[in-house]
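Here's the letter readout for the chains.
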Amino acid sequence: MSPRDEIVDALARFAAATDARDWSAIRDLLTPDAVAYHRTGPDAIVAVMSEHLGGCGPTQHLLGNHRVSIDGDRAQSLSYARVYHVGAGPMVGSFFECMGEYDDAWVRAGCQWRLAGRTFETRIRLGDFAVLRPADPD
């Protein structure tokens with residue numbers, strides 16, 4: 001696989017892991033000092049992701065229009081995203097959808113590309129942002 005294809009594959013794995021709430025897989029795709037979602041480090045990044053998705057129903061992260069530039073063991077990717085969130089619990093029947101662009105920094109660690117930085121520029125928001133909520137306490 002080409003380095004570009006490896007990065008596009010890692011993007012797809014990150015999206016699928018997010019939708020599956022596979023936090024271990026997310027951690028494995030991050031560098032130890034990754035910065036994403038206004039947090040630093042895999043544990044903090046996963047914590048904020050799980051806080052937003054813990055009380056949310058199913059999600060689907062669709063990515064496309066990938067533009068990847070590679071410079072040795074570093075790379076940058078830009079990807080369009082359309083993300084749909086289904087409401088659950090008190091938000092059942094609601095949804096939140098956002099469309100925008102991920103800007104990701106990558107570092108090759110051994111034979112695997114790891115996400116070192118991520119920002120998301122939201123361009124379109126539909127529905128109720130309150131769908132993104134922590135899990136209800138047990």
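Residues numbered from 1 in each chain as written. Predicted model: local features only at pLDDT ≥ 70, side-chain atom pairs only at ≥ 80, totals over all residues. Heavy atoms only, no water.

Asks: Would you explain the nonpolar core in this entry?
Replies: Inside soluble globular proteins, nonpolar side chains tend to come together where they are buried. Of all hydrophobic cores here, the largest spans 28 residues; its most connected members are Phe14, Ile26, Leu30 and Trp106. A total of five residues in this core trace back to one element, the largest contributor, which is helix α1 (residues 3–20). Setting aside chain neighbours within four positions, we find Leu30 in contact with Phe14, Pro42, Ile45, Arg114 and Leu115. (Core = buried A, V, L, I, M, F, W, Y, C linked by side-chain atoms within 4.5 Å. Buried < 20%, exposed > 50% of the residue type's maximum accessible area, 1.4 Å probe, protein only. Helix = DSSP H or I, 4+ residues; strand = E, 2+ residues; numbered from the N terminus. Contact = heavy atoms within 4.5 Å.)

Asks: Before we go on, may I ask you to explain the packing of aromatic side chains in this structure?
Replies: Any pair of aromatic rings gets described here by the distance separating the centres and the angle formed by the planes. Enumeration over the complete set of coordinates arrives at three aromatic pairs. With 5.3 Å between their ring centres and 85° between their planes, Phe96 and Phe129 make a pair best called edge-to-face. Here Phe96 is found in strand β5 (residues 95–109), whereas its partner Phe129 is found in the segment after β6 (112–127), with 33 residues between them in sequence. Judged by its relative accessible area of 4%, Phe96 is buried. Taking 4.6 Å as the distance between ring centres and 45° as the angle between the ring planes, the aromatic pair formed by Tyr102 and Phe120 counts as tilted. Here Phe120 lies in strand β6 and Tyr102 lies in strand β5, a separation of 18 residues in the sequence. Accessibility expressed as a relative area gives 6% for Tyr102, which makes it buried. (Phe/Tyr/Trp six-rings, centres within 6.5 Å; stacked < 30°, edge-to-face > 60°.)

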